[in-house]
Every structure is written in C-alpha cells, then in structure tokens.
Amino acid sequence: MSKRPSWDDYFMDITQRVATRSTCLRRQVGAVIVLDKRILATGYNGAPQGLPHCEETGCLREKLGIPSGERYEICRGLHAEQNAIIQAALHGVSVSGGTMYVTHQPCITCAKMIINAGIRRVVCAQSFPDELARSFLAEAGVALVLWHPEEQGGAAAAPGRGERES
C-alpha cells in the first residue's frame, strides 16, 4: 500500500518539474503559486517572452565572471518567482494569501515582489546565501520554510525562523 505524499511534497515535486523548462545556463529554478491546494500560476527562469534565451545567446554574467548572487540586473532572464507572479497578474489571478513553492530560496528582489503580491508562505528546496531576503520576508510576516521530503521529516522552518502558517 503506497502512502500519499504530503501537500508540500506534492507541490514541490511539481515545482521541480516546472524548473526543467528553464533556459538558464547556470541554474534551473521553478516556482509554483498555490492557494487552497490549487495551482494558480507557475514560472521558471528565462528570458522575457519573445526574446532569445541564454542557451541561444550565451550567459553575459558568465562571460563577465560575475559570481552567483551578484549583479542580477545584468542577467537577461527573469527569475522563476517573478515569472509566476507576472503570469498570475497577466491572467487576472490574485495570489494574495497563497503559498509559493520554489526550488531555490528567493533573492531580495523576488522577496520584495512576494511580499507585495501578498504571498504568505514560501517553501524552498534549497537555501541561498541572501540574508537580506530572509530578513525582509521575516519582517513582513512571510513564512520561509526549507522543504525536506516527507520521508526525511517533512518541511521545516528555515534556520533561525519560526514557521508561521497562514
């Protein structure tokens, strides 16, 4: 008899599949926004609609030797979290009160967008060394949860942060 996955495991599995659409040469990231156990929008990192992707043009940040986590504005791509929020807005779908599942912890720019979109909980599969993003999310009352598959104990609050369910 098989055990059904937890909701966090279920949506994170989908998020990891969404990430496979990424065209970033450095890191494949996926995001899924959920409200009341229903998927509202998805996003992955890649170039704006209609523009060539990095896999066609090459990575400018790589060519310039810019380390991970720095100079986001030089990247031609949008982050997965940004694309998910934009997709919801484009189609007139409110994400307020929702949960965002993302393969990597959001950067500070995405954290600010998440806060303003009214998302109340972020579940990420991998942490990222952006303490400012973590502090903004905490200050805004957005729960940041580091996901662990259920067989390893389920989701847990990010280090130093209490999990706040909404």
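Keep in mind that this is a model prediction, so the values were computed, not measured.

### Looking at the packing of helix α5 (residues 108-117) against helix α6 (residues 131-139)
Consideration 1: Contact geometry for α5 and α6: axes closest at 8 Å, N-to-C directions at 15 degrees. It follows that α5 is roughly parallel to α6 by the angle criterion. Like other packed secondary-structure pairs, α5 and α6 cross with a definite hand, here right-handed. Between α5, through Ile108, Ala111, Lys112, Ile114 and Ile115, and α6, the contact on the second element is made entirely by Leu132, Ala133, Phe136 and Leu137.

### Considerations on the state of the cysteines
Consideration 1: Per the counting criterion, the structure on display carries zero disulfides.
Consideration 2: The cysteine Cys59 is free of any disulfide, with Cys54 supplying the nearest cysteine sulfur at 5.8 Å.

### Observations regarding the pattern of salt bridges
Consideration 1: Summed over all chains, the structure comprises four salt bridges.
Consideration 2: Where Arg71 meets Glu73, a salt bridge forms, and the shortest distance between an N and an O atom there is 2.6 Å.
Consideration 3: Look at Arg71 and you get partly exposed, because its relative accessible area is 45%.
Consideration 4: With a closest N to O distance of 3.0 Å, Arg134 and Glu131 form a salt bridge.

### Side note on the side chain of Asp8
Consideration 1: Along the chain, Asp8 turns up in helix α1 (residues 7-19).
Consideration 2: A polar contact of 2.9 Å, which involves the side chain of Asp8, links it to the side chain of Arg121.

Cut-offs and rules
- Residues numbered from 1 in each chain as written.
- Predicted model: local features only at pLDDT ≥ 70, side-chain atom pairs only at ≥ 80, totals over all residues.
- Heavy atoms only, no water.
- Axes fitted to C-alpha atoms, helices over the stretch in contact; angles between N-to-C directions.
- Helix = DSSP H or I, 4+ residues; strand = E, 2+ residues; numbered from the N terminus.
- Parallel < 35°, antiparallel > 145°, perpendicular 65-115°, else oblique.
- Left-handed = near helix turned anticlockwise from the far one by under 90°.
- Contact = heavy atoms within 4.5 Å.
- Disulfide = S-S within 2.5 Å.
- Salt bridge = Lys/Arg side-chain N within 4 Å of Asp/Glu carboxyl O.
- Buried < 20%, exposed > 50% of the residue type's maximum accessible area, 1.4 Å probe, protein only.
- Polar contact = N/O pair within 3.5 Å; in protein donor to acceptor, adjacent residues only side chain to side chain.

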